[in-house]
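# A look at the structure
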Amino acid sequence: MEKVVVSIGGSILVPGENDSDFIGKLASMLSEIKNEVQIAIVCGGGKTARYYANIAKELGGDTYSQDIVGIGATRLNAQLLSLALGEMPDKVPEDPEELASNSKPGRIVVMGGTVPGHTTDAVSAMVAKALGADRIVNATSVDAVYTDDPRTNPDAEKILDMTIQDLENIVYKEHGASRSSVFDPLGVQIAKENRIDILIVEGRNLDELRNAIVGNDIKGTFVNSH
Ligand code: UTP
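Residues numbered from 1 in each chain as written. Predicted model: local features only at pLDDT ≥ 70, side-chain atom pairs only at ≥ 80, totals over all residues. Heavy atoms only, no water.

Here we take up the overall build of the protein. When helices and strands are tallied, the protein shows 9 helices and 9 strands. A compact globule built from 226 residues would reach a C-alpha radius of gyration of about 17 Å, and the protein, at 16 Å, matches this within 12%. Here the protein, with 226 residues, has 47% of them falling under the buried criterion. Surface summary for the protein: the accessible area is close to 11000 Å², and the carbon and sulfur share equals 48%. Placing the 21 positive and 33 negative side-chain charges of the protein at their respective mean positions leaves the two points 3 Å apart. (Helix = DSSP H or I, 4+ residues; strand = E, 2+ residues; numbered from the N terminus. Rg over C-alpha atoms; globule rule 2.2 N^0.38 Å. Buried < 20%, exposed > 50% of the residue type's maximum accessible area, 1.4 Å probe, protein only. Areas by Shrake-Rupley, 256 points an atom, 1.4 Å probe, with all protein chains shown as cover. Lys, Arg positive; Asp, Glu negative; His and termini not counted. Charge placed at Lys NZ, Arg CZ, Asp CG, Glu CD.)

Below, the structure is given as structure tokens:
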């Protein structure tokens, strides 16, 4: 059975509107396919993470402290998705190895962040490595990678296929804004070293997300690591 790790952004999971409705539908979709592919999920922190990190900063907290509260938010989101999947853990797995040892066909395990210094995209690549996963699906707020920012450049074109080297060039070019980049540079590096493909899809579109997880054609971007 194929193994797939989904990195789901907090902005997808809890944008602040109809959150329980979306998380419920997401959990139903995942439950429908959990016997087709072995699934592990890493949740981002979204607005909650930014809100808490900002308060920590105002209180004089350094980047490490801001990351710590950000990780707390990612774990809260992971608990919500776990609950929707039928299990409310007292605590979610705290490192990729712990998730990997709990993962098996038919059982969806969900976690958030690990330690300060990176984002949950990087964690998803670490989990994919620990599991020996076939691909990482990045469920994000954009529907694909573009040649330029489509919000400011009407000539920006959607990229359907690229190599991991192309993605590496993009994320390192954007390094100044690395954390809000299309995929965390550390995650790209881990995926490249371990030859794990990355699919970038619009996470609120559950048909598209499902297609990416089970290995059907997608409308988003396929990043080939082989
Ligand atoms: P996210 O993974 O949600 O960060 O983790 P992000 O990519 O900045 O958020 P989106 O995609 O725009 O919603 C939230 C924050 O938690 C900390 C980081 O500060 C990160 O910005 N974090 C998360 C860690 O320090 N380590 C982790 O393993 C995960």
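Structure shown, so let's carry the discussion forward.
Let's shift gears to helix α8 (residues 185–193). Along α8, the residues that are buried comprise Pro 185, Gly 187, Val 188, Ile 190 and Ala 191. Once α8 finishes, Arg 195 follows within two positions and takes phi at roughly 50°, a positive value.

Another point: the site of the ligand. In the vicinity of the ligand lie 19 residues, with Gly 45, Asp 67, Thr 114, Val 115 and Thr 120 positioned nearest. Contacts to the ligand include His 118, whose side-chain N or O atom sits 3.0 Å from an oxygen atom. Isolated, the ligand exposes 570 Å² of accessible area, and the fraction of that covered by the protein chains is 83%. Elements with a contribution of two residues or more to the shell around the ligand: α3 (46–58), α4 (63–84) and α6 (120–131). The element that contributes the greatest number of residues to the shell around the ligand is α4, accounting for 4 residues. (Near = heavy atom within 4 Å. Polar contact = N/O pair within 3.5 Å; in protein donor to acceptor, adjacent residues only side chain to side chain.)

As a further point, take the side chain of Thr 74. One can find Thr 74 in helix α4. Setting aside chain neighbours within four positions, we find Thr 74 in contact with Cys 43, Gly 44, Gly 45, Gly 112, Gly 113 and Thr 120. (Contact = heavy atoms within 4.5 Å.)

The next thing to look at is the sheet that holds strand β8 (residues 197–202). On the basis of which strands lie adjacent, the open sheet formed by 7 strands has the order β3-β2-β1-β4-β8-β9-β7 and mixed pairing. Looking along the sheet, the strands with just one partner apiece sit at the ends: β3 (109–111) and β7 (161–163). Strand-to-strand, the axes of this sheet are offset by a mean angle of 20°, without reference to chain direction. Note that β7 and strand β9 (residues 221–224) share 3 bridges and pair parallel. Its bridge partner being in β9, Thr 163 is matched across the sheet by Asn 224. Along the sheet, α4 contacts β2 (38–43) and β3; its crossing angle with β2, the most-contacted strand, is approximately 140°. Strands in contact with helix α7 (residues 164–173) are β7, β8 and β9; relative to β7, the strand with the most contacts, it is inclined by about 80°. (Pairing = 2+ DSSP bridges. Axes fitted to C-alpha atoms, helices over the stretch in contact; angles between N-to-C directions.)

Here we take up the pattern of salt bridges. Here the structure, examined in full by the defined rule, presents 9 salt bridges. A salt bridge links Lys 192 to Glu 168; the shortest N-O distance between them is 2.8 Å. One end of the pair, Lys 192, is in helix α8; the other, Glu 168, is in helix α7, and 24 residues separate them in sequence. Its relative accessible area of 32% is what places Lys 192 among the partly exposed residues. According to the relative accessible area criterion, Glu 168 is buried, its value standing at 14%. (Salt bridge = Lys/Arg side-chain N within 4 Å of Asp/Glu carboxyl O.)

Attention now moves to the packing of helix α2 (residues 19–33) against α4. Running from amino to carboxyl end, α2 crosses α4 at an angle of 60°, the nearest separation of the two axes being 8 Å. As the angle between them shows, α2 and α4 are arranged oblique. By crossing handedness, the relation of α2 to α4 is classed as right-handed. Where α2 approaches α4, its residues Ile 23, Leu 26 and Ala 27 are matched on the opposing element by Leu 80, Leu 81 and Ala 84. (Parallel < 35°, antiparallel > 145°, perpendicular 65-115°, else oblique. Left-handed = near helix turned anticlockwise from the far one by under 90°.)

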